[in-house]
Amino acid sequence: MMIQMTSKPYTQESPDTAGVVYIVEDDEALRDSLKWLLEAFSYRVELFESGEMFLAKFDPNAIAVLVLDVRMPGMSGLEVQEHLIARKCDIPIIFISGHGDVSMAVSTLKKGAVDFIEKPFDQAALRSLIERMLQEARQRKAKAEQRSLNDALLSKLTPREQDVLERIVSGRLNKQISADLGISIKTVEAHRASIMDKTNSGTVADLMRVVMNANRPPVKDSGSMR
């Protein structure tokens, strides 16, 4: 299936921030047509004829969107999605298929795909969707970087400071933390000040944002700390 070009102008971000469109499709003609279409609008495009080739070569840290065929020889698009989930790769996925049905669409969407479109598809709609998903990818990347930064801040805490932090987040007062840990209130206050300093937090609200936006295990229930 060949895609016809339109002459409508399109404003795209700079190459440094635009991201990459990965296209995984076994139909060579469709693959090349999509590449021609998208590169004409200043997208960076990388093509793969199979899920196996994509998984072996793609950059998991790139700002990207994946346009993924559902039915392909070898690994299916759904299997590619499962591999990405297992590898914790947070890339927006747009599934394309000539054989899609409602149950398949629901399955992919529940697992994190952002859309499911059937061939033949409207080029303008696809291009608009890709741009929205690249913006989503940029936002996900920024959030991931913030989580990593917060992880680095929290990793500075000593084990005892971690104990105190868990109780601060759970809403325990200094005197309660003192009783929980068998230390003086002054020691609790000293740990608290150190925690605020190491996490660059000016207020408890700042500290809560650091904790909540980090890759940390759930804080223990305050009832279990008494």
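Residues numbered from 1 in each chain as written. Predicted model: local features only at pLDDT ≥ 70, side-chain atom pairs only at ≥ 80, totals over all residues. Heavy atoms only, no water.

A. Expanded view of the overall build of the protein chain. Looking only at helices and strands, one finds 10 helices and 5 strands in the protein chain. For the protein chain, buried positions account for 43% of its 226 residues. Residue pairs at least 24 apart in sequence account for 68% of intrachain contacts in the protein chain once pairs closer than 6 positions are excluded. Carbon and sulfur atoms provide 53% of the accessible area of the protein chain, an area that totals close to 12,100 Å². (Helix = DSSP H or I, 4+ residues; strand = E, 2+ residues; numbered from the N terminus. Buried < 20%, exposed > 50% of the residue type's maximum accessible area, 1.4 Å probe, protein only. Contact = heavy atoms within 4.5 Å. Areas by Shrake-Rupley, 256 points an atom, 1.4 Å probe, with all protein chains shown as cover.)

B. Looking closely at the environment of Phe-54. Mapped onto the secondary structure, Phe-54 falls in helix 3 (residues 51-57). Sequence-wise, Phe-54 and Val-80 are 26 residues apart; in three dimensions their C-alpha atoms are separated by 8.7 Å.

C. Spatial organisation of the pattern of salt bridges. A full pass over the atoms with the stated rule returns 10 salt bridges. Glu-136 serves as the salt-bridge partner of Arg-140, at 3.0 Å between the closest nitrogen and oxygen. Pair noted here: Arg-140 and Glu-136 are both in helix 6 (residues 123-154), with a separation of 4 residues, about one helical turn. Overall, Glu-136 belongs to the partly exposed group, its relative accessible area being 28%. Among the salt bridges present, the one from Asp-180 reaches Arg-172, with a minimum N-O distance of 2.8 Å. (Salt bridge = Lys/Arg side-chain N within 4 Å of Asp/Glu carboxyl O.)

D. View of the packing of aromatic side chains. For the coordinates displayed, the defined rule picks out 5 aromatic pairs. Ring geometry for Phe-48 against Phe-54: centres 5.5 Å apart, planes inclined by 75°, an arrangement best described as edge-to-face. An aromatic cluster is defined as three or more aromatic residues linked by ring pairs; in this entry it consists of Tyr-22, Phe-48, Phe-54 and Phe-58. Just above the ring of Phe-41 sits the side chain of Arg-127; from NZ or CZ to the centre is 4.1 Å. (Phe/Tyr/Trp six-rings, centres within 6.5 Å; stacked < 30°, edge-to-face > 60°. Lys NZ or Arg CZ within 6 Å of the ring centre and 35° of its normal.)

E. Expanded view of helix 2 (residues 28-39). For helix 2, which comprises 12 residues, the first-to-last C-alpha distance of 16 Å matches the rise-based estimate of 16 Å (1.5 Å per residue) to within 8%. Along helix 2, the residues that are buried comprise Leu-30, Arg-31, Ser-33, Leu-34, Leu-37 and Leu-38. For helix 2, the angular spread of buried residues about the axis comes to 165°, placing them on one side. In this structure Asp-27 caps helix 2, since a side-chain oxygen of it lies 3.0 Å from the backbone nitrogen of Ala-29. (Expected span 1.5 Å × (residues − 1). Arc of directions from axis to C-beta. Polar contact = N/O pair within 3.5 Å; in protein donor to acceptor, adjacent residues only side chain to side chain.)

F. Fine view of helix 7 (residues 159-169). In terms of burial, helix 7 is a largely internal element, 8 of the 11 residues being buried. Buried within helix 7 are the following residues: Glu-161, Gln-162, Val-164, Leu-165, Glu-166, Arg-167, Ile-168 and Val-169. Considering only its buried residues, helix 7 is in contact with helix 6, helix 8 (174-181), helix 9 (185-198) and helix 10 (204-212). Once helix 7 finishes, Gly-171 follows within two positions and takes phi at roughly 90°, a positive value.

G. Summary view of the sheet that holds strand 2 (residues 44-48). Strand order across the open sheet formed by 5 strands is 2-1-3-4-5, with parallel pairing between neighbours. Edge strands, defined here as strands with exactly one partner in the open sheet, are strand 2 and strand 5 (115-118). For this sheet, the mean inter-axis angle between neighbouring strands, taken without regard to orientation, is 20°. Where strand 1 (residues 20-24) lies against strand 3 (residues 64-69), 5 bridges are found, and the strand directions are parallel. Residue pairing across strands places Val-20 opposite Ala-64, the latter belonging to strand 3. (Pairing = 2+ DSSP bridges. Axes fitted to C-alpha atoms, helices over the stretch in contact; angles between N-to-C directions.)

H. Spotlight on the packing of helix 7 against helix 8. Running from N to C, helix 7 and helix 8 cross one another at 135°; their axes reach a closest spacing of 10 Å. By the angle class used here, helix 7 and helix 8 are oblique. As helix 7 runs across helix 8, the sense of the crossing is right-handed. In this structure, helix 7 contributes Arg-160, Asp-163, Val-164, Arg-167 and Ile-168 to the contact, and helix 8 contributes Ile-177, Asp-180 and Leu-181. Tallied by class, the residues present in the contact of helix 7 with helix 8 amount to 4 nonpolar, no polar and 4 charged. (Parallel < 35°, antiparallel > 145°, perpendicular 65-115°, else oblique. Left-handed = near helix turned anticlockwise from the far one by under 90°. Nonpolar A, V, L, I, M, F, W, Y, C, P; charged D, E, K, R; others polar.)

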